[in-house]
Amino acid sequence: MFTEPELDQLEARYREGASVYALAKEFHCHRETVANKLKARGVEMRGNKTTPAQVATMLKLAEAGWSKAEIAENVGVAEKTVAQYLRQAGLTFARKSISDFHTVGQ
């Protein structure tokens, strides 16, 4: 349950550019809770458009051995978004372990 001052802060941080994922972490709740609270206040939600810089960071971190979860948290996107961009780049994780990272076809 959010207090009115917390909702004000949540809205202000979102309007300043914080992502729903970052706010969920900051306020210790699920990203859908953040989105629902903002929508209930009439806040227009930004599209979840991944920037070229975010994609480049994802690829760089993956090649450095980071897990999908670590990359997602660092970049501020969902883990499935990371997986999507890694697949598009020809990279995959065979298993959950960081050491199991490899290039498709090897």
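What counts and how
- Per chain, residues are indexed from 1 in the order of the written sequence.
- Note on the predicted model: pLDDT of at least 70 is required for a residue's local features to be given, and 80 or more for side-chain atom pairs to be given and counted; whole-chain, interface and lining totals, by contrast, use all residues.
- Water and hydrogen atoms were dropped before computing side-chain values, which therefore reflect all heavy atoms in the structure.
- Helical segments are the DSSP runs of H or I of at least four residues, strand segments are the runs of E of at least two, and each set is numbered from the N terminus.
- Relative accessibility decides the category of a residue: with a 1.4 Å probe and only protein chains considered, values under 20% of the type maximum give buried, values over 50% give exposed, and everything between is partly exposed.
- The Shrake-Rupley method, run with a 1.4 Å probe, gives the accessible areas here. Residue values count only the displayed protein chains as cover.
- Pairs of residues are marked as contacts when any of their non-hydrogen atoms sit within 4.5 Å.
- Points on a 1 Å grid over protein atoms alone make up a cavity when a 1.4 Å probe fits among them but cannot get out, and a pocket when they form an open set with protein on both sides within 12 Å along at least five of seven lines; lining residues each have an atom within 4 Å of a point.
- Grid points are joined across faces, edges and corners, and a volume is the space filled by probe spheres set on the points.
- In this classification, Asp, Glu, Lys and Arg are treated as charged, Ala, Val, Leu, Ile, Met, Phe, Trp, Tyr, Cys and Pro as nonpolar, and every other residue, Gly included, as polar.
- Note on geometry: axes are C-alpha line fits, over the in-contact stretch for helices, and angles between N-to-C directions span 0 to 180 degrees.
- Working rule for handedness: look at the near helix, and if it is turned counterclockwise from the far one by less than a right angle, call the crossing left-handed; if clockwise, right-handed.
- Salt bridge criterion: a side-chain nitrogen from Lys or Arg within 4 Å of a carboxyl oxygen from Asp or Glu.
- Between rings of Phe, Tyr and Trp, where Trp is taken as its six-membered ring, a pair exists when centres lie within 6.5 Å; planes separated by under 30 degrees are stacked, by over 60 edge-to-face, and by other angles tilted.
- Helix span is expected to be 1.5 Å times the residue number reduced by one.

Student: Where do I start with the overall build of the protein chain in this structure?
Tutor: Helices and strands together make up the secondary structure of the protein chain, namely six helices and two strands. Ordering the α and β elements of the protein chain from the N terminus gives α-α-α-α-α-α-β-β. Residues classed as buried in the protein chain amount to 34% of the 106 residues present. Accessible surface, the protein chain as shown: approximately 6,900 Å² in total, 51% of it carbon and sulfur.

Student: Help me understand the side chain of Glu11, please; the structure alone is not making it clear to me.
Tutor: Mapping Glu11 onto the fold places it in helix H1 (residues 4-15). When near neighbours in sequence (up to four residues on either side) are disregarded, Glu11 contacts Leu38, Arg41 and Val43.

Student: Where do I start with the layout of surface pockets in this structure?
Tutor: Of the voids in this model, the second largest pocket is the one considered here, and its volume is about 170 Å³. Taken together, Ser19, Tyr21, Ala22, Lys25, Ala69, Ala72, Glu73, Gly76, Val77 and Glu79 make up the lining of the second largest pocket. Sorting the residues of the lining of the second largest pocket by element identifies helix H2 (20-26) and helix H5 (68-75) as the ones contributing at least two each. Along the lines of polarity and charge, the residues of the lining of the second largest pocket split into five nonpolar, two polar and three charged.

Student: Sorry if this is basic, but what is going on with the packing of helix H4 (residues 52-63) against H5 here?
Tutor: Between two packed helices, what matters for the description is the angle formed by their axes and the separation of those axes. Here H4 crosses H5 at 145°, and the two axes come no closer than 10 Å. Of the two elements, H4 crosses H5, and the hand of that crossing is right-handed. Along its contact with H4, which presents Gln54, Thr57, Met58, Leu61 and Ala62, the element H5 presents Ile71, Asn74 and Val75. Partitioned by chemical class, the residues of the contact of H4 with H5 number five nonpolar, three polar and no charged.

Student: Please explain the pattern of salt bridges as it appears in this structure.
Tutor: When charged atoms on two side chains of opposite charge get close, those side chains can pair. According to the stated counting rule, one finds seven salt bridges in the structure shown. In this structure, Arg13 engages Glu16 in a salt bridge whose closest nitrogen and oxygen atoms are separated by 3.8 Å. For Glu16, a relative accessible area of 62% puts it in the exposed group. Arg13 is paired through a salt bridge with Glu26; the nearest N and O atoms lie 2.9 Å apart. With Arg13 in helix H1 and Glu26 in helix H2, this residue pair connects regions lying 13 residues apart in the sequence.

Student: Sorry, what's going on with the packing of aromatic side chains here?
Tutor: Each pair of aromatic rings is reported with the distance of its centres and the angle of its planes. Under the criterion given, the structure shown has one aromatic pair. With a centroid separation of 5.9 Å and 55° between ring planes, the pair formed by Phe2 and Phe27 is classed as tilted. Here Phe2, found in the segment before H1, pairs with Phe27, found in the loop between H2 and helix H3 (31-40); they are 25 residues apart in sequence, far enough to count as distant. Accessibility classification places Phe2 together with Phe27 in one group, the buried group.

Student: Would you explain the side chain of Thr81 in this entry?
Tutor: Positionally, Thr81 belongs in helix H6 (residues 79-88). The contact partners of Thr81, leaving out residues within four places of it in the chain, are Thr50 and Met58.

Student: Sorry if this is basic, but what is going on with H4 here?
Tutor: Residues spaced three or four apart along an α-helix face the same direction, because each turn holds 3.6 residues. Counted at 1.5 Å a residue, the expected span for H4 with its twelve residues is 16 Å, and the 17 Å between its end C-alpha atoms agrees. At the exit of H4 stands Gly65, carrying a positive phi of roughly 100°.

Fair warning: the whole summary comes from geometry, so function is off the table for now.
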